[in-house]
Amino acid sequence: MAAAAAAASPADKERFICIYPAYLNNKKTIAEGRRIPIDKAVENPTSTEIQDVCAAVGFNVLLEKNKMYPREWNRDVQYRGRVRIQLKQDDGNPCLPQFPTRKSVMLYAAETIPKLKTRTQKMGGSDQNLQQGEGGKKGKGKKKK
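The structure displayed is predicted, hence computed values, not measured ones. The numbering scheme is per chain: residues are counted from 1 as the chain's sequence reads. Given that the model is predicted, a residue must reach a pLDDT of at least 70 before its local features are reported, and side-chain atom pairs must reach 80 or more before they are shown or counted; all residues, however, enter totals for whole chains, interfaces and linings. The side-chain values count all of the structure's non-hydrogen atoms but skip hydrogen atoms and water molecules.

Overview of empty space enclosed by the protein
Then comes step 1: Within this scheme a cavity is a closed region of a 1 Å grid, computed over the protein atoms alone, that accommodates a 1.4 Å probe without allowing it to escape, whereas a pocket is open but has protein on both sides within 12 Å along at least five of seven lines; lining residues each have an atom within 4 Å of a point. Grid points are joined across faces, edges and corners, and a volume is the space filled by probe spheres set on the points. Summed over all chains, the structure comprises 1 cavity of 30 Å³ or more.
Then comes step 2: Approximately 60 Å³ is the volume found for the largest cavity.
Then comes step 3: Amino acids are sorted into nonpolar (Ala, Val, Leu, Ile, Met, Phe, Trp, Tyr, Cys and Pro), charged (Asp, Glu, Lys and Arg) and polar (every other residue, Gly among them). Here the lining of the largest cavity is composed, by residue class, of 6 nonpolar, 2 polar and 1 charged.

Spelled out as structure tokens, the structure:
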């Protein structure tokens, strides 16, 4: 079996690199699966966000929604998914010269995900909701006294 895996072309889907959201998550420790520095990591990235970022730059991307990172104890849909990316061509050269290694792809994804429209809209909306929620709680507290 090892000989068959070595002979397989880098363009085969089985030879694409895997990126799990846990690799880029700043809420995880290295023991829990984070693979990039915490200051460059993103808060709770999803597999679809990783797919969007990598497809936009020109990678051949495959999203596997039902796969899970083995070290992930939480079974929520938010933590599911794995992105497979073709890193090398048949001849062994990188598909995109600016991304020669899997680490360079992970760092790029972590750098770009916060700039996504879905992220910037969510952040603005959640701040307003938090303020409204806190105001409501304060009001209820005053009425009880």
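With respect to the pairing of strand β3 (residues 82–85)
Then comes step 1: Per-residue accessibility, obtained with a 1.4 Å probe over protein chains only, is compared with the maximum for each type, and a residue is labelled buried under 20%, exposed over 50%, and partly exposed between these values. Helix and strand definitions follow DSSP, with helices as H or I runs of at least four residues and strands as E runs of at least two, each counted in order from the N terminus. Both faces of β3 are covered, namely the face carrying Arg 82 and Arg 84 and the face carrying Val 83 and Ile 85.
Then comes step 2: For two strands to count as paired, DSSP must find a minimum of two bridges between them. Of the strand pairs in this sheet, strand β1 (residues 17–19) and β3 are connected by 3 bridges, and their pairing is antiparallel. Of the residues in β3, the one forming a bridge with Cys 18 is Arg 84.
Then comes step 3: With 4 bridges joining them, strand β2 (residues 61–64) and β3 adopt antiparallel strand pairing. The residue bridging Val 61 from the neighbouring strand is Ile 85, located in β3.

Structural notes on the nonpolar core
Side chains of a nonpolar character, in soluble globular proteins, are inclined to be buried together.
Then comes step 1: For the purposes of this section, nonpolar cores are sets of buried Ala, Val, Leu, Ile, Met, Phe, Trp, Tyr and Cys residues that join through side-chain atoms within 4.5 Å. One finds Ile 19, Leu 24, Phe 59, Ile 85 and Val 105 to be the most contacted residues of the largest nonpolar core, which totals 27 residues.
Then comes step 2: Going through the elements one at a time, β1, α2 (47–57), β3 and α3 (102–112) are the ones with two or more residues in this core.
Then comes step 3: In terms of residue count, the dominant contributor to this core is α3 (4 residues).

Some points on the confidence of the model for the chain
Then comes step 1: For every residue, the pLDDT score states the predictor's confidence, bounded by 0 at the bottom and 100 at the top. Taken as a whole, the chain shows an average pLDDT of 82; of its residues, 77% reach a score of 70 or greater.
Then comes step 2: Contacts are assigned to residue pairs that have any heavy atoms within 4.5 Å of one another. Low confidence marks residues 126–133, where pLDDT is under 50. Its contacts with residues over four positions away, or in another chain, come to 0 contacts.

Re the environment of Arg 71
Then comes step 1: With respect to the helices and strands, the residue Arg 71 is situated in the loop between β2 and β3.
Then comes step 2: When the C-alpha positions of Arg 71 and Gly 33 are compared, they lie 6.9 Å apart, and in sequence the two are 38 residues distant.
Then comes step 3: Excluding residues within four positions of it along the chain, Arg 71 makes contact with Ile 30, Ala 31, Glu 32 and Gly 33.
Then comes step 4: For Arg 71, the side chain forms a polar contact with the main-chain oxygen of Ala 31, separated by 2.8 Å. What qualifies as a polar contact is a pair of N or O atoms within 3.5 Å, subject to a donor-acceptor requirement within protein and to the restriction that residues adjacent in sequence count only when both atoms come from side chains.

What about α2?
Then comes step 1: Within α2, the full set of buried residues consists of Ser 47, Glu 49, Ile 50, Val 53 and Cys 54. Angularly, the buried residues of α2 cover 165° about the axis, an arc narrow enough to put them on a single face.
Then comes step 2: Directly beyond the C-terminal end of α2, a positive phi value near 115° is found at Gly 58. The directions considered for the arc are those from the helix axis to the C-beta atoms.

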